[in-house]
Amino acid sequence: MPSDPLPSWNDGASKRAILDFVAAVTTEGGPSFVAPADRVAVFDNDGTLWTEQPMYAQAFFIADQVRRLAPRHPEWATEQPFAALLSGDRAALAGTGEAGLGHLVAAAHAGMTTDEFDAQAAAWLATATNPRTGHRFTESVYQPQLELLALLRVNGFRIFVVSGGGIDLMRLFTEEVYGVPTDRVVGSSGKVAYALENGVPTLTKLPELGSLDDKAGKPENIRLHIGKRPILAFGNSDGDQAMLEFTTIGHAPSLGLIVHHDDAAREVAYDRDSAIGKLDTALDAAPGYGWVVVSMKDDWNRVFPFAD
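Keep in mind that this is a model prediction, so the values were computed, not measured. (Residues numbered from 1 in each chain as written. Predicted model: local features only at pLDDT ≥ 70, side-chain atom pairs only at ≥ 80, totals over all residues. Heavy atoms only, no water.)

**With respect to the nonpolar core**
Stated precisely, the cut-off is as follows: For the purposes of this section, nonpolar cores are sets of buried Ala, Val, Leu, Ile, Met, Phe, Trp, Tyr and Cys residues that join through side-chain atoms within 4.5 Å. Each residue's exposure class comes from its accessible area (1.4 Å probe, protein chains only) as a fraction of the maximum for that residue type: buried when under 20%, exposed when over 50%, partly exposed otherwise. The helix count covers DSSP runs of H or I at least four residues long, the strand count covers runs of E at least two residues long, and both are numbered beginning at the N terminus. By the convention used here, residues are in contact when the closest approach between their heavy atoms is within 4.5 Å.
Core analysis: the largest hydrophobic core is formed by 70 residues, its most contacted members being Ile-18, Phe-43, Leu-148, Leu-152 and Tyr-178. Sort the elements by how many residues they give to this core and helix H2 (residues 57–69) lands first, with seven residues. Among residues more than four places away in sequence, those in contact with Tyr-178 are Asn-45, Leu-49, Trp-50, Val-141, Leu-146, Leu-149, Arg-153, Val-161 and Phe-173. With 17 residues, the next largest nonpolar core counts Phe-160, Ala-233, Ala-285 and Ala-286 among its residues.

**Re the layout of surface pockets**
Once rolled over the atoms, a probe with the size of a water molecule shows which space is left empty. Applied cut-off: Cavities and pockets are defined on a 1 Å grid built over the protein atoms alone: a cavity is a set of grid points where a 1.4 Å probe fits but cannot escape, while a pocket is an open set with protein on both sides within 12 Å along at least five of seven lines, and lining residues are those with an atom within 4 Å of any such point. Grid points are joined across faces, edges and corners, and a volume is the space filled by probe spheres set on the points. For this classification, the nonpolar set comprises Ala, Val, Leu, Ile, Met, Phe, Trp, Tyr, Cys and Pro, the charged set comprises Asp, Glu, Lys and Arg, and every other residue, Gly included, is treated as polar.
Here the largest pocket is characterised by a volume of approximately 300 Å³. Every residue lining the largest pocket is counted, 22 residues in all, and those nearest its centre are Tyr-56, Asp-214, Lys-215, Gly-277 and Lys-278. Looking at the lining of the largest pocket, the elements with two or more residues in it are helix H4 (90–95) and helix H5 (97–108). When residues of the lining of the largest pocket are assigned to their parent elements, the largest contribution, three residues, is made by H5. Classifying every residue of the lining of the largest pocket by side-chain character gives four nonpolar, eight polar and ten charged.

**A short note on the packing of aromatic side chains**
To describe a pair of aromatic rings, one takes the distance between the centres and the angle between the planes. Note the threshold: Pairing of aromatic rings covers Phe, Tyr and Trp, the last counted by its six-membered ring, and requires centre-to-centre distances within 6.5 Å; plane angles under 30 degrees mean stacked, over 60 mean edge-to-face, and any other angle means tilted. A ring has a charge above it when a Lys NZ or an Arg CZ is no more than 6 Å from the ring centre and no more than 35 degrees off the ring normal.
Following the criterion strictly, the structure yields 14 aromatic pairs and no others. Centre to centre, the rings of Trp-50 and Phe-137 are 6.3 Å apart; their planes meet at 55°, and the pair counts as tilted. Residue Trp-50 is found in the loop between strand E1 (40–43) and H2, and its partner Phe-137 is found in the loop between helix H6 (114–127) and helix H7 (143–154); the two are separated by 87 residues along the sequence. The same class applies to Trp-50 and to Phe-137, which are both buried. One aromatic cluster in this structure is built from Trp-50, Phe-60, Phe-61, Phe-117, Trp-124, Phe-137, Phe-173 and Tyr-178. Sitting above the plane of the Phe-160 ring, Arg-184 keeps its charged end 5.9 Å from the centroid.

**Digging into the packing of H2 against H6**
Where we set the bar: Angles run from 0 to 180 degrees between N-to-C directions of axes, and those axes are lines fitted to C-alpha atoms, restricted for helices to the stretch in contact. Under this scheme an angle from 65 to 115 degrees is roughly perpendicular, one under 35 degrees roughly parallel, and one over 145 degrees roughly antiparallel; angles in between are oblique. We call a crossing left-handed when the near helix sits turned anticlockwise from the far one by less than a right angle, and right-handed when that turn is clockwise.
Where H2 meets H6, the closest approach of the two axes is 11 Å, and the angle between their N-to-C directions is 120°. Compared by their axis directions, H2 and H6 come out oblique. The two elements H2 and H6 meet at a crossing, and its hand is right-handed. Of the residues in H6, those in contact with Ala-57, Phe-60, Phe-61 and Gln-65 of H2 are Phe-117, Gln-120, Ala-121 and Trp-124. By residue class, the composition of the contact of H2 with H6 is six nonpolar, two polar and no charged.

**What to know about the pattern of salt bridges**
Spelled out, the test is: What makes a salt bridge here is a side-chain nitrogen of Lys or Arg within 4 Å of a carboxyl oxygen of Asp or Glu, nothing more.
Enumeration according to the criterion identifies 13 salt bridges in this entry. Here Asp-38 ties to Lys-228 by a salt bridge, and the two come within 2.8 Å at their closest N and O atoms. With Asp-38 in the loop between helix H1 (13–26) and E1 and Lys-228 in the loop between helix H10 (217–225) and strand E5 (232–235), this residue pair connects regions lying 190 residues apart in the sequence. The class for Asp-38 is partly exposed, based on a relative accessible area of 32%. Between Glu-208 and Lys-191 there is a salt bridge, and its shortest N-O distance comes to 3.6 Å. Taken together, the residues Glu-208 in strand E4 (residues 200–211) and Lys-191 in strand E3 (residues 185–197) connect sequence positions 17 residues apart. Given the relative accessible area of 37%, Glu-208 is considered partly exposed.

**Side note on the sheet that holds E5**
For clarity, the threshold we go by: Only strands joined by at least two bridges in the DSSP assignment are considered to pair.
In space, the seven strands of this open sheet follow the order E4-E3-E2-E1-E5-E6-E7, with mixed pairing throughout. Every interior strand has two partners, whereas the edge strands, E4 and strand E7 (292–295), have only one. When the angles between neighbouring strand axes are averaged without regard to direction, this sheet yields 30°. Most of the contacts of H10 go to strand E2 (residues 158–166), to which it runs at about 130°, and overall it touches E1, E2, E3 and E4.

**Quick notes on H1**
For clarity, the threshold we go by: Each helix should span, by expectation, one fewer than its residue count multiplied by 1.5 Å. Directions from the helix axis toward the C-beta atoms define the arc.
Here H1 is 14 residues long and its end C-alpha atoms lie 20 Å apart, about the 20 Å a rise of 1.5 Å per residue gives. Listing the buried residues of H1 in full gives Ser-14, Lys-15, Ile-18, Leu-19, Phe-21, Val-22 and Val-25. Each buried residue of H1 sits inside an arc of 160° when the element is viewed along its axis, so together they form one side.

**Observations concerning a nonpolar patch on the surface**
Spelled out, the test is: Within this analysis, patches are made of residues with over 30% relative accessible area and no salt bridge. Like charges are joined at 9 Å or less; nonpolar side chains (Val, Leu, Ile, Met, Phe, Trp, Tyr) at 5 Å or less. Throughout, the Shrake-Rupley method with a 1.4 Å probe supplies accessible areas, and for residues the shown protein chains are the sole cover considered.
Residues Val-192, Tyr-194, Leu-196 and Leu-203 make up a contiguous nonpolar surface patch of about 400 Å² in total accessible area. Per-element accounting of the nonpolar patch gives the leading share, three residues, to E3. Structurally, Val-192 can be placed in strand E3.

Shown next as structure tokens:
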């Protein structure tokens, strides 16, 4: 291991909490030792591993599908979240939250086979650019978090991405970008139907939301898909609060962390009043539960891999 496995983290309480926790749970014979099989770490994606500003990446992806399907659905002109997307009202769209995004995902991809979806989504990811960073979405990730993922991996942690974003889209990039394989991705999902079509096993997406992986849905899906209670959870918003509670309350050793977006110069400063990634109740709860609030401004000396 390098002498400093977290070079993009400034020396301080947040970095020390992480290093001390990793050392404690991996020291055999120590009072806080955790067997490798139980070293489960869960990370939110949007706003925690990559930027969610100015809008969730998936919202950009599904915009074209919704616009293509809109002539068949005149009701979308007044029905949210479709009306906000079609009119370009980002504030209204953001106000529908991840629940709104989930409904857009379910409706936009209805009738598409999973193979068709994978092909279209992979092509989009290869070129799609975040309008704020000017770099591809898959490049607009947080360098300090990439270092943390690497540190946990080398110390025997099993890392899962647990996000409100669509599971199918995330599965196409998490292994390449984060080193997290597809079977360790937990996300929102639409229902699918199986059929043997002309001798070909086929899964077709239905216009129904199967699971919204947000708020209480996160611990519920962690139980369903992982089957173990994590010992480390990292989020950035109130949507992650239940996951942090599930990981840490009455469960030791454990570590909960929150990215606080307080850096207007290098990214965006937002928390309590934001329509995207609102951090309010979780920020208030953090001191009482011992969650580490990571200041992007003070704790990270570098935000993106492409930054100087």
